[in-house]
Amino acid sequence: MILVINSGSSSVKYELIDVEGPTRHQAGKIERIGEPGSPFPDHAAALEKAAEEVAPHADGLTAVGHRVVHGGAAFTGPVLIDDDVVKQIEEAVPLAPLHNPSNLAGIEVMRRLHPGLPQVAVFDTAFHSTLPPAARTYAIDREVAERAGVRRYGFHGTSTAYVSRVAAEMVGKPDMANVIVLHLGNGASASAVSAGRCVDTSMGMTPLEGLVMGTRSGDVDPGVIFHLIRGGMTPDEVEEMLVHRSGLYGLCGDNDMRTVLDRVAAGDDEAALAYNVYCHRLRKYIGAYTAVLGRVDVIAFTGGVGENSAPVRRKVLSGLAPMGIRLDPTRNSSVRGARLVSADDSAVAVAVVPTDEELEIAIETAAVVARTNSE
Ligand SMILES: Nc1ncnc2c1ncn2[C@@H]1O[C@H](COP(=O)(O)OP(=O)(O)O)[C@@H](O)[C@H]1O
Ligand SMILES: CC(=O)OP(=O)(O)O
Ligand SMILES: [Mg+2]
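In this text, all values refer to a predicted model and were calculated from it rather than measured experimentally. Sequence positions are assigned chain by chain, starting from 1 and proceeding in written order. Written order decides the labels, with chains lettered from A and ligands numbered from 1. In keeping with the model being predicted, local features are shown solely for residues with a pLDDT of at least 70 and side-chain atom pairs are shown and tallied solely at 80 or more, while totals for entire chains, interfaces and linings include all residues. Only hydrogens and water are removed before side-chain values are computed, so all heavy atoms of the structure are retained for them.

1. Digging into the sheet that holds strand β12 (residues 349–352)
Here is step 1: Taking strand neighbours across the sheet as the criterion, the 6 strands line up as β9-β8-β7-β10-β12-β11 in an open arrangement whose pairing is mixed. On the outer flanks of this sheet lie β9 (197–201) and β11 (339–340), each paired with one strand and no other.
Here is step 2: Strand pairing is defined by DSSP finding a minimum of two bridges between the two strands. In DSSP terms, a helix is any run of H or I states spanning at least four residues, a strand is any run of E spanning at least two, and both are numbered starting from the N terminus. Sheet analysis places strand β10 (residues 298–302) next to β12, joined by 4 bridges and oriented parallel. Opposite F301, over in β12, you have V352 as the bridge partner.
Here is step 3: Packing against the sheet, helix α6 (residues 157–170) makes contact with β7 (178–184), β8 (188–194), β10, β11 and β12, and its axis sits at approximately 130 degrees to β7. For this analysis, residues touch if any pair of their heavy atoms sits within 4.5 Å. Helix axes are fitted to C-alpha atoms over the stretch in contact, other axes to C-alpha atoms as well, and angles between N-to-C directions run from 0 to 180 degrees.

2. Let's talk about the packing of aromatic side chains
How two aromatic rings sit relative to each other is set out by the distance from centre to centre and by the angle between their planes.
Here is step 1: Only centres within 6.5 Å qualify two rings of Phe, Tyr or Trp (six-membered ring in Trp) as a pair; their planes then separate them into stacked at under 30 degrees, edge-to-face at over 60, and tilted for everything else. Applying the stated rule across the entire model yields 2 aromatic pairs.
Here is step 2: Where F75 meets F123, the ring centres are 4.5 Å apart and the plane angle is 10 degrees; that geometry is what we call stacked. With F75 in the loop between β4 (63–68) and β5 (79–80) and F123 in strand β6 (residues 119–123), this residue pair connects regions lying 48 residues apart in the sequence.
Here is step 3: Buried residues are those whose accessible area, probed at 1.4 Å on protein chains only, stays under 20% of the maximum for their type, while exposed residues exceed 50% and partly exposed ones sit between those limits. The buried category is assigned to F75, whose relative accessible area is 7%.

3. As for the site of ligand 1
Here is step 1: All residues adjacent to ligand 1 are K13, G185, N186, G187, D256, M257, R258, G303, G304, V305, N308 and S309.
Here is step 2: In the environment of ligand 1, an oxygen atom lies 2.6 Å from a nitrogen or oxygen atom belonging to the backbone of M257.
Here is step 3: Any pair of nitrogen or oxygen atoms within 3.5 Å is treated as a polar contact; in protein, a donor-acceptor pairing is required on top of that, and neighbouring residues in sequence qualify only through side-chain atoms on both sides. Take V305: an N or O atom from its main chain is 3.4 Å from an oxygen atom of ligand 1.
Here is step 4: All accessibility values rest on the Shrake-Rupley procedure with a 1.4 Å probe; residue burial counts only the protein chains present in the view. In isolation ligand 1 has 580 Å² of accessible area, and contact with the protein removes 71% of it.
Here is step 5: When residues of the shell around ligand 1 are traced back to their parent elements, those giving at least two are α10 (257–265) and α12 (303–308).
Here is step 6: Per element, the largest residue contribution to the shell around ligand 1 is 4 residues, and it comes from α12.
Here is step 7: Considered class by class, the residues forming the shell around ligand 1 number 2 nonpolar, 7 polar and 3 charged. Think of it this way: one heavy atom of a residue within 4 Å of a molecule or strand is enough to make that residue near it. In the scheme used here, Gly and all other residues not listed as nonpolar or charged are polar, with Ala, Val, Leu, Ile, Met, Phe, Trp, Tyr, Cys and Pro taken as nonpolar and Asp, Glu, Lys and Arg as charged.

4. Focus: the domain arrangement of the chain
As a measure of interface size, the accessible area lost when the parts come together is often cited.
Here is step 1: Domains assigned within the chain are domain 1 (2–123) and domain 2 (173–357).
Here is step 2: Note on definitions: buried area is the accessible-area loss of two parts on being combined, 1.4 Å probe, summed for both. Of the roughly 560 Å² buried between domain 1 and domain 2, counting both surfaces, carbon and sulfur atoms make up 52%.
Here is step 3: When a carboxyl oxygen of Asp or Glu is within 4 Å of a side-chain nitrogen of Lys or Arg, the pair counts as a salt bridge. Summed over the shared surface of domain 1 and domain 2, the result is 1 salt bridge.
Here is step 4: One salt bridge connects D356 with R24, and the closest N-O pair in it is separated by 2.7 Å. These domain boundaries are the output of an automatic or database domain assignment.

5. Section: helix α1 (residues 43–54)
It helps to recall that an α-helix has 3.6 residues per turn; residues three or four apart then point in one direction.
Here is step 1: The end-to-end C-alpha distance of α1, which contains 12 residues, comes to 16 Å, matching closely the 16 Å that a straight helix rising 1.5 Å per residue would cover.
Here is step 2: Looking at α1, one finds that the buried residues are H43, A46, L47, A50, A51 and V54. Angularly, the buried residues of α1 cover 140 degrees about the axis, an arc narrow enough to put them on a single face.
Here is step 3: Packing partners of the buried residues in α1 comprise β1 (2–7), β2 (12–18), β3 (23–30) and α3 (100–113). By this rule, a helix spans an expected 1.5 Å times one less than how many residues it contains. This arc is taken over the directions from the axis of the helix to the C-beta atoms.

6. Concerning α6
Here is step 1: The terminal C-alpha atoms of α6 lie 20 Å apart, and with 14 residues this matches the ideal 20 Å at 1.5 Å per residue to within 8%.
Here is step 2: By the criterion of burial, α6 is predominantly enclosed, with 11 of the 14 residues buried.
Here is step 3: Along α6, the residues classified as buried are G157, T158, S159, T160, A161, Y162, V163, S164, V166, A167 and A168.
Here is step 4: Structurally, α6 contributes buried residues whose contacts are with β6, β7, β8, β10 and α15 (357–373).
Here is step 5: After α6 finishes, the residue G172 shows a positive phi value of roughly 70 degrees.

7. Concerning the pattern of salt bridges
Here is step 1: Tallied over the entire structure, the rule returns 21 salt bridges.
Here is step 2: R32 is the partner of E35 in a salt bridge, and the nearest nitrogen-oxygen pair spans 3.5 Å.
Here is step 3: Using a relative accessible area of 36% as the deciding quantity, one classes E35 as partly exposed.
Here is step 4: Of the charged contacts in the structure, one is a salt bridge between R152 and E209, with a shortest N-O distance of 3.3 Å. Placement of the pair is R152 in the loop between α5 (142–148) and α6 and E209 in the loop between β9 and α7 (222–230), with a sequence separation of 57 residues.

8. Some words on the confidence of the model for the chain
Here is step 1: A score between 0 and 100, pLDDT records how confident the predictor is in each residue. On average, residues of the chain score 96 in pLDDT, and 100% of them are at 70 or above.
Here is step 2: ipTM for the predicted complex: 0.97, alongside a pTM of 0.95.

9. Focus on the site of ligand 2
Here is step 1: If you check the shell around ligand 2, you find R67, V69, H99, D124, F155, H156, G187, M203, P207 and R216 and nothing else.
Here is step 2: Between ligand 2 and the protein, one listed contact pairs an oxygen atom with a side-chain N or O atom of R216 at 2.7 Å.
Here is step 3: Here the residues of the shell around ligand 2 are counted per class, giving 4 nonpolar, 3 polar and 3 charged.
Here is step 4: In this structure, the shell around ligand 2 is formed jointly by two domains, domain 1 (2–123) and domain 2 (173–357), each of which donates at least three residues.

Okay, here's the thing in structure tokens:
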């Protein structure tokens, strides 16, 4: 049995998973860590509570698997954690200042509480380590880029790996499908996957590039940043705005797509613009990744918005019949679980695939432990 720890910027998710079966056991989520009034002043307190909650159910625990957002250039797959690995994850903190410190807190507490158990790091960036040079390279001064580690790394790789695999199986091409994965949660990303290898992805050196997100801007002209700094904002203020006060929230004051859609239905112009900008950006990436892949077998929607919002899927794909993409309106609005929602005569299949990062982390953790034991 594997304990999966997803220690995020303001929440800790944990789950006990038996990969045989698979069977799910105890699961929980502690939110609003460090916020005023929260009983959990920091990640250590939340993680100790999580460990306490799972303890009565943790008979036969064999390993702990951790989500780590940024693996830098060092990690192309999951690894057994030792002091050296911790040091390398620390070195990637400047590339993911909002994510890696909480991931490290999870590792630190679980190593202390379970010193005898193998601990495995599963990186968001790992699945994207196959990006071809043309897709991962920014067209800036090469020496500067190399010195500072500036390149596209990509994120949501654990989710994208899982969803692209399920979608490829759904269209009967488990080993050779060309898949566009749209992971639309609070963070959002698009990826192009060919025969199980990621060939392009919208998030970049940090999880700020690409699609419009709940509070993150996605793509902006880098010139905007210098304009704002020369206008008197500090670099930290600009970053804070782009990460926390942009995206849907920046445009209409709400970051939850359900609220945005309710406001659109009520005739709210600000919400309508936010919704239109969000969907327009997604359509652009679908077009771009169709060109990158040449042929698309399936477009897979996942994440809270992708899995639950029929109106977003409908709007994003409307008018794309000339590209061979046709939704079935009934399937689209009644979907439950992993299902195809495209029309029978659609050349490109469209799938809704609930993501399961926790299961994927458990599977990869078990595989690392098995490999280590057999060495
Ligand atoms: N029925 C729904 N319709 C539209 N959006 C939804 C629906 N249910 C959830 N969402 C959206 O999903 C988002 C969260 O996605 P999720 O993948 O759970 O987030 P995270 O990235 O934190 O894991 C919420 O902000 C909300 O906007
Ligand atoms: C890396 C990233 O953006 O993750 P999340 O969507 O969980 O914020
Ligand atoms: Mg998520």
